[in-house]
Amino acid sequence: MPDQFAPLQNDTFLRALLRQPTDYTPLWLMRQAGRYLPEYNATRKRAGSFLGLAKNPDYATEVTLQPLARFALDAAILFSDILTVPDAMGLGLYFADGEGPKFERPLRDEAAVMALRVPEPGALQYVYDAVTQIRSALGGRVPLIGFSGSPWTLACYMVEGGGSSDYRTVKTMLYRRPDLMHHILRTNAAAVATYLNAQIDAGAQAVMIFDSWGGALADGAFQEFSLHYMQTIVSQLQREKNGVRVPCIVFTKGGGLWLDQIAATGADAVGLDWTVNLARARKLVGHQVALQGNLDPVVLFAGEQQIRAEVRKVLHDYGVPSANQGHVFNLGHGISQFTPPEAVAVLVDAVHQESRLIRTGGTASG
């Protein structure tokens, strides 16, 4: 079992998640290893395909480390895909050029749904091998985040057969045959809990549940078909490994209306999209969970001064963390593939510089 990892040199991210004091606001970016980096595209070309990249621990390690070589980020996140779990359930994941992920065998009838089972042991070993390899390669520089999609978000892809603009197929099943939807979600929740715990065993130092499509649900349906199953997973997670706390982050895109309920799942931190006001979120749940977010990713297409100004707004909206409160800076969703890397360099510098200044009572108003 990997217990010989190098000591952690920068624990600022973990401390913020656990609502402990930090000298500055740590940051990482959703999709920080990705197509906006030319070195990522070069590695992907060598791998031959996205799945060739994601399923090879050497390539996964290489691309996970690439953004850290460029930017002073405070955490690494495993390079993988949320759809590895349904792929391991036998749905046949593939990526069509220009169309995103698709499944060869989507769940479209009762027989297919009732045949769904959690993945066989070993089906996702390539992910766990990548986690251990990345953690070793980091050498203790920053913590490593593991992750999974939420049961509802996975179900959206599994029933639709790919991405969707209106989720008509999956939501029709939800309303017509809630029994089938609950079977999918129960199976997904069991698979995700096992998957995240195995990532923790392999070396992940924090884990995140991405509920990317929770915001597509009506009030009431969200609580029954998404929130309940995320809470089930959180209750089953290892929260400590080798005597060290392993924080859990839950992120529902479009979930700002349910912030207090998401915070009550038992997670250590809640991710916020750019529609949420950080000051109000802090007042509502900041005593209960750390907050992560929430710059609009499109800000990174503006100039340097505009990026710095927007960073200041986010940091000042949250303010200086009080005792038992924490803030991790992030985007409100994944970074765009068209983002100029130099804009990310400005962002990282601005967050570190301005957050230190705020803590000393200064401002940078230029």
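Residues numbered from 1 in each chain as written. Predicted model: local features only at pLDDT ≥ 70, side-chain atom pairs only at ≥ 80, totals over all residues. Heavy atoms only, no water.

Colleague: Could you give an account of helix α4 (residues 57-70), with specific residues and numbers?
Modeller: Taking 1.5 Å per residue, 14 residues should reach 20 Å; α4 reaches 21 Å between its end C-alpha atoms and fits that length. Every buried residue belonging to α4 is among P57, Y59, A60, T61, V63, T64, Q66, P67 and L68, and all of these are buried. If you check the start of α4, you find a side-chain oxygen 2.8 Å away from the backbone N of D58, and it comes from N56. (Helix = DSSP H or I, 4+ residues; strand = E, 2+ residues; numbered from the N terminus. Expected span 1.5 Å × (residues − 1). Buried < 20%, exposed > 50% of the residue type's maximum accessible area, 1.4 Å probe, protein only. Polar contact = N/O pair within 3.5 Å; in protein donor to acceptor, adjacent residues only side chain to side chain.)

Colleague: Explain the packing of helix α7 (residues 125-138) against helix α10 (residues 178-202) residue by residue, including any values.
Modeller: Geometrically, a packed helix pair is captured by the angle between its two axes and the distance between the axes. Packing of α7 against α10 brings their axes to within 8 Å, and their N-to-C directions diverge by 35 degrees. α7 and α10 meet at a crossing whose hand is right-handed. Residues V127, Y128, V131 and T132 of α7 lie in contact with α10, whose contacting residues are Y195, A198, Q199 and A202. Each residue belonging to the contact of α7 with α10 can be placed in one class, and the counts come to six nonpolar, two polar and no charged. (Axes fitted to C-alpha atoms, helices over the stretch in contact; angles between N-to-C directions. Left-handed = near helix turned anticlockwise from the far one by under 90°. Contact = heavy atoms within 4.5 Å. Nonpolar A, V, L, I, M, F, W, Y, C, P; charged D, E, K, R; others polar.)

Colleague: An account of the sheet that holds strand β9 (residues 269-271) is requested, with residue identities and associated values reported.
Modeller: Pairing within the open sheet is parallel, and its seven strands lie in the order β1-β4-β5-β8-β9-β10-β11. Two strands bound the open sheet, and with one partner strand each, they are β1 (76-77) and β11 (327-328). Two elements, strand β5 (residues 206-211) and strand β8 (residues 248-252), share five bridges in a ladder whose sense is parallel. The residue bridging D211 from the neighbouring strand is T252, located in β8. (Pairing = 2+ DSSP bridges.)

Colleague: With reference to specific residues and values, describe unusual backbone geometry.
Modeller: Note that the residue after G293, namely N294, is joined by a cis bond; omega there is -5 degrees. By the element assignment, N294 lies in the loop between β10 (290-292) and α14 (304-318). If you check the backbone angles, Y167 has positive phi at about 55 degrees while not being a glycine. By secondary structure assignment, the location of Y167 is in the loop between α8 (151-160) and α9 (168-176). Positive phi is not limited to glycine here, since N242 has a value of about 55 degrees. Here N242 is to be found in the loop between β6 (240-241) and β7 (244-245). Residue classification places N242 among the exposed positions, given a relative accessible area of 60%.

Colleague: Mind laying out the environment of L73, listing which residues take part and the relevant values?
Modeller: For L73, the location among the structural elements is in the loop between α4 and β1. Residue L73 is classed as buried on the basis of its relative accessible area of 4%. Between the C-alpha atoms of L73 and P26, which are 47 residues apart in sequence, the distance is 7.6 Å. L73 has contacts with L27, W28, L29, Q32, P67, L68, V142 and V348, leaving out every residue within four places of it along the chain.

Colleague: How would you sum up α9? Please name residues and give values.
Modeller: Taken together, the buried positions of α9 are V170, M173 and L174. Along α9, the residues classed as buried sweep out an arc of 105 degrees about the axis, all on the same side. α9 presents R168, Y175 and R176 as exposed residues on the side facing more than 90 degrees away from its buried surface. Buried positions along α9 lie against α6 (110-114), α8, α10 and α11 (221-236). (Arc of directions from axis to C-beta.)

Colleague: Report on the nonpolar core, specifying residues and quantitative values.
Modeller: Counting residues in each nonpolar core, the largest one holds 129 residues, and the members touching the most others are F13, W28, M181 and L347. Residue contributions to this core peak at 13 residues, all from α10. Excluding anything up to four places from it in sequence, W28 contacts F13, L73, A75, I77, I145, M208, F210, Q292, V328, F329 and N330. (Core = buried A, V, L, I, M, F, W, Y, C linked by side-chain atoms within 4.5 Å.)

Colleague: How would you explain the packing of aromatic side chains if you had to name every residue and give the values?
Modeller: As enumerated under the stated definition, the model contains eight aromatic pairs in all. With 4.7 Å between their ring centres and 45 degrees between their planes, F50 and F95 make a pair best called tilted. A residue pair is termed long-range when its members are at least 10 positions apart, and F50 in helix α3 (residues 50-54) and F95 in strand β2 (residues 93-96) qualify at 45 residues. The exposure class of F50 is buried, given its relative accessible area of 10%. Taken together, the ring pairs connect Y40, F50, F79 and F95 into an aromatic cluster. (Phe/Tyr/Trp six-rings, centres within 6.5 Å; stacked < 30°, edge-to-face > 60°.)

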